[in-house]
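So the chains spell out like this:
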Amino acid sequence: MKNKKLVLILGAGGGTGKYLVDYMTSFSDDSYEVVGAGRHRCEFVENRIPYIQMDITQKEEFKKLPDNIYAVIDLAGAMPARMKDYHPEQYISTNIVGTFHILEYCRKHHVDRAIFTQSFGDIKDHAEKNPVLTPSMTPSFRYDTDHTIYVISKNTAVEMFKCYNAMYGLKTFIFRLPTIYSWSSNDSYYVDGVLRKRAWRILIDKACKGEPVEIWGDGSRLKDMVYVKDFCQMLFKACFVDRDYGYYNVGTGVGTSLSDQIKGIIEVFGDEKKSEIIMRPDLPNAPQYVMDISDARNELAYEPHYSYLEMLKDMKIEKELNRF
């Protein structure tokens, strides 16, 4: 089909990228095609769409890309969870310089729209006073952590996207991300540069074995548990919505208490022997936040498809299929 819209996913081989490729190639739709790009080989993506190995920090690498791209989805960023030790220069080179190269590519090749993902690290501290986080909140974050340069680099990239929207008419859609839950063979991430197993994967392992599970701190604290497949829905809708600009929280708009999170894990992943729950109010609290998604609902016609329990059930299916 001659007039298919070509959508480029940068970072297609990453955790979210693979799910997005799977999501966007699951429809029988002749109006668009998908091409992926990333630093590393990714068999899962290469078996589904054309895939280009490239490094966004290098300007010359963009010559590898087609010149007829309709939309760019930028998932290619350096982040603390994937950084061994502490190398803040990677945030500058990837999240700032790399973003500039992407925007220049979009300008020179008359790309219709670009989609960017931002961390909610710049506003999450507000949730200690009020769990509900809105897209318009003023940034407020600590300057003395290993996440600080990361947050600054992402915020700088957002400002550059706004600039190219205003100066060159590049349609721009920015998504602010909390933790995005998905099943993957990778169950660990870096905390302060040290590799650790994800807490929720430890809980699932315990539930699978019927071992006791602890609830730390205040079990009533709420958290917005958003599934990667709902996030993919948001990205997909932004590719084709008739708008020039959007700034959206990613989430479900619903808070699930820590107690209900753990009860759900035991219900879905537990076998015949169900884990005993042990209350530990003496231990630190878990983070709390609920993402206000009213703008995404109104402007993108977004509606989450996965409740918390439905997310867990689908993750269990993905665990058994081991596709990702």
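Given the structure is predicted, the values throughout are model-derived calculations rather than measurements.

Overview of the packing of helix H3 (residues 89-108) against helix H4 (residues 148-168)
- At a minimum axis distance of 9 Å, the contact between H3 and H4 shows a crossing angle of 15°. Taken together, the axes of H3 and H4 are roughly parallel relative to one another. The element H3 and its partner H4 pack so that their crossing is right-handed. Residues Tyr-91, Ile-92, Asn-95, Ile-96, Thr-99, Phe-100, Leu-103, Glu-104 and Arg-107 of H3 form the contact with H4, whose participating residues are Ile-149, Tyr-150, Ser-153, Lys-154, Thr-156, Ala-157, Met-160, Phe-161, Tyr-164 and Tyr-168.

A closer look at the state of the cysteines
- Under the definition given, this model contains zero disulfides.
- No disulfide involves Cys-232; its sulfur sits 11 Å from that of Cys-239, the nearest cysteine.
- Residue classification places Cys-232 among the buried residues on the basis of a relative accessible area of 0%.
- Judged by its relative accessible area of 0%, Cys-239 is buried.

Considerations on the layout of surface pockets
- Its boundaries defined by the atoms lining it, the second largest pocket holds a volume of some 230 Å³.
- In terms of lining, the second largest pocket is formed by Lys-59, Glu-60, Phe-62, Lys-63, Phe-100, His-101, Glu-104, Tyr-105, Lys-108 and His-109.
- Of the residues assigned to the lining of the second largest pocket, the class counts are three nonpolar, two polar and five charged.

As for helix H6 (residues 228-240)
- Across its 13 residues, H6 extends 19 Å between first and last C-alpha, which sits within 8% of the 18 Å expected from 1.5 Å per residue.
- The buried fraction of H6 is high, at eleven of 13 residues.
- Buried within H6 are the following residues: Val-228, Lys-229, Asp-230, Phe-231, Cys-232, Gln-233, Met-234, Leu-235, Phe-236, Ala-238 and Cys-239.

Description of helix H1 (residues 15-24)
- When you tally the buried positions in H1, you get eight out of ten residues, the bulk of the element.
- All buried positions along H1 are accounted for by Gly-17, Lys-18, Tyr-19, Leu-20, Val-21, Asp-22, Tyr-23 and Met-24.
- Buried residues along H1 sit in contact with strand S1 (5-10), strand S2 (32-38), helix H2 (43-46), strand S4 (69-74), H6 and helix H9 (308-321).

Procedures and definitions
Residues numbered from 1 in each chain as written. Predicted model: local features only at pLDDT ≥ 70, side-chain atom pairs only at ≥ 80, totals over all residues. Heavy atoms only, no water. Axes fitted to C-alpha atoms, helices over the stretch in contact; angles between N-to-C directions. Helix = DSSP H or I, 4+ residues; strand = E, 2+ residues; numbered from the N terminus. Parallel < 35°, antiparallel > 145°, perpendicular 65-115°, else oblique. Left-handed = near helix turned anticlockwise from the far one by under 90°. Contact = heavy atoms within 4.5 Å. Disulfide = S-S within 2.5 Å. Buried < 20%, exposed > 50% of the residue type's maximum accessible area, 1.4 Å probe, protein only. 1 Å grid on protein atoms, 1.4 Å probe; cavity = no way out; pocket = protein on both sides within 12 Å on 5 of 7 lines; lining within 4 Å. Points joined across faces, edges and corners; volume = space filled by probe spheres on them. Nonpolar A, V, L, I, M, F, W, Y, C, P; charged D, E, K, R; others polar. Expected span 1.5 Å × (residues − 1).

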